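# Observations on the model geometry
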Amino acid sequence: PFTTMSASLNAQPGTSSKTKPHVIITIGMAGAGKSTFVQRITSYLHSQNPPQPPYILNLDPAVTHVPFEANIDIRDTVNYKEVMKQYNLGPNGGILTALNLFTTKFDQVLELVEKRAETVDYIILDTPGQIEIFTWSASGAIITDAVASSFPTVVAYIIDTPRTTAPATFMSNMLYACSIMYKTKLPFILVFNKTDAQPHDFAIEWMQDFEAFQVALASHSGSRDSEGEPTYMNSLMNSMSLVLDEFYKHLKAVGVSSTTGAGIKEFFDAVEESRETYRTDYLPELERARAAREKSLQDIKEDSVNRLMKDLAVDRAANPKAAAEDRWASDEEDVDDDEELEVNLIDRSEEPYPGQYIDVTRMRGHSENINWPNPG
């Protein structure tokens, strides 16, 4: 399967073998602008000549409104509020449980996605606003591994640039990005969003010039205590900036504005560059992990069979008459009384396009026919 996957990844336009669509997993802190970013890159792909409409999966069960038309929407499958009621959960627990329930049928989602693989170039996943629910949960890892083992995948980590001007906030974002990258082991792109409100030049400078970050850290209020000595947090961030220096060298960073569309082309250039990284770094690691897992399962299976045969031999030697009388009680198949979770997956692209594609960045103050949902 890896030979076939590698061949399809290297296929050139015009050949009989189409290049596999690229999966973009958008991850970021609450309020960083993930959904608006997904809307903007969707708008960009629609505007290409010829248009390249992506295949979109919305994985946030608690969102009231999304500014794009999702092909597969978790809200069509799992009722987030009912999950909270039935399991007596709070908001975060409800989102996590809804995502877990959806993940139990993710093999069906992959089947729907693979049916569209020949007609789309990009598959986009919009994740829940609570970043830890997706990045550190078992369901998030299952979904990430499932799509990454089937398609070339890149993680887009969305950063709220105006909120990152403080050195401490910047360092927190970089540490989180570092942990996610090493957890997923996938090609990783830092997306500094909202550059129309705050240019991201300062962040690029801090990543490329250790001394520039030191100067910014020293000039920031609260960097020294009452006796004029560097505070504990100041010393910690100094040390962490040195640790992350190697991390920065292997990282792509782009600045975009989801409102104006600036930097979107540069983002897709970075996505295409990550395809080679996926092929050379991720696929070999995936192949090694899968081979090791299959060998381990085979060893366990052989050990179980050997134990069973030994037990049967001992039992037959001790009770020859009982062994001869062993028969199935009935030829009828056992009926499984356990009820399976009823999940109705909907692929909206199989229906006529509903014409509800909305560019929220261009309709402010110009449309009176939009019924915005009541936040309450």
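Residues numbered from 1 in each chain as written. Predicted model: local features only at pLDDT ≥ 70, side-chain atom pairs only at ≥ 80, totals over all residues. Heavy atoms only, no water.

## Details of the pattern of salt bridges
In this structure the tally under the stated criterion is ten salt bridges. As a salt-bridge pair, Lys249 and Glu246 come within 3.8 Å of each other at their nearest N and O atoms. Here Lys249 pairs with Glu246, and both are found in helix α12 (residues 245–249), just three residues apart, close to one helical turn. Accessibility expressed as a relative area gives 58% for Lys249, which makes it exposed. Judged by relative accessible area, Glu246 falls into the partly exposed class, the value being 44%. Between Glu285 and Arg288 there is a salt bridge, and its shortest N-O distance comes to 2.7 Å. Note that Glu285 and Arg288 are positioned in helix α13 (residues 264–318) at a spacing of three residues, about one turn of the helix. (Salt bridge = Lys/Arg side-chain N within 4 Å of Asp/Glu carboxyl O. Helix = DSSP H or I, 4+ residues; strand = E, 2+ residues; numbered from the N terminus. Buried < 20%, exposed > 50% of the residue type's maximum accessible area, 1.4 Å probe, protein only.)

## Focus on the confidence of the model for the protein
Summary statistics for the protein give a mean pLDDT of 82 and a share of 79% for residues scoring 70 or more. Counting interchain partners and residues more than four positions distant, the pLDDT-below-50 stretch residues 1–17 has 25 contacts. For the stretch residues 352–358, pLDDT sits under 50, and the model shows ten contacts to residues farther than four places along the chain or on other chains. (pLDDT = per-residue confidence, 0-100. Contact = heavy atoms within 4.5 Å.)

## Here we look at empty space enclosed by the protein
Empty space among the atoms becomes visible once a probe the size of a water molecule is rolled across them. One pass over the structure, following the stated rule, counts two cavities of 30 Å³ or more. Of the volumes computed, that of the largest cavity is approximately 50 Å³. If you trace the largest cavity, you find it lined by Val23, Leu57, Phe106, Val109, Leu110, Val113, Ile123, Leu125, Val147 and Phe151. The set of elements that each furnish at least two residues to the lining of the largest cavity consists of α5 (106–115) and β4 (122–126). Looking at the lining of the largest cavity element by element, the count peaks at four residues for α5. Considered class by class, the residues forming the lining of the largest cavity number ten nonpolar, no polar and no charged. (1 Å grid on protein atoms, 1.4 Å probe; cavity = no way out; pocket = protein on both sides within 12 Å on 5 of 7 lines; lining within 4 Å. Points joined across faces, edges and corners; volume = space filled by probe spheres on them. Nonpolar A, V, L, I, M, F, W, Y, C, P; charged D, E, K, R; others polar.)

## Some words on helix α4 (residues 91–103)
The end-to-end C-alpha distance of α4, which contains 13 residues, comes to 18 Å, matching closely the 18 Å that a straight helix rising 1.5 Å per residue would cover. Restricting attention to buried positions, one finds in α4 the residues Gly94, Ile95, Thr97, Ala98, Leu99, Leu101, Phe102 and Thr103. Looking at the buried residues of α4, the elements they touch are β3 (72–73), α3 (80–87), α5, α6 (131–135) and α7 (138–148). (Expected span 1.5 Å × (residues − 1).)

## Remarks on the packing of α4 against α7
Geometrically, a packed helix pair is captured by the angle between its two axes and the distance between the axes. Relative orientation of the contacting elements α4 and α7 amounts to 40°, with a least axis distance of 9 Å. Taken as axis vectors, α4 and α7 run oblique relative to one another. Crossing geometry of α4 relative to α7 is assigned as left-handed. Here Leu96, Leu99, Asn100 and Thr103 of α4 come into contact with α7, specifically with Ser139, Ile142 and Ile143. Residues of the contact of α4 with α7, tallied by class, amount to four nonpolar, three polar and no charged. (Axes fitted to C-alpha atoms, helices over the stretch in contact; angles between N-to-C directions. Parallel < 35°, antiparallel > 145°, perpendicular 65-115°, else oblique. Left-handed = near helix turned anticlockwise from the far one by under 90°.)

## Details of the pairing of strand β6 (residues 188–193)
Look at any regular strand and the pattern is simple: side chains alternate between the two faces of the sheet. The buried count for β6 comes to six of six residues, which makes it a mostly enclosed element. Here β6 shows two buried faces, one formed by Phe188, Leu190 and Phe192 and the other by Ile189, Val191 and Asn193. Here six bridges tie strand β5 (residues 153–160) to β6, and the two strands are oriented parallel to one another. Bridge pairing links Tyr157 to Leu190 in β6. What joins β5 to β6 is helix α8 (residues 167–184), and the crossover it makes is right-handed. Relative to strand β7 (residues 252–255), β6 runs parallel, the two sharing four bridges. (Pairing = 2+ DSSP bridges. Right-handed = clockwise from strand over helix to strand, strands pointing away.)

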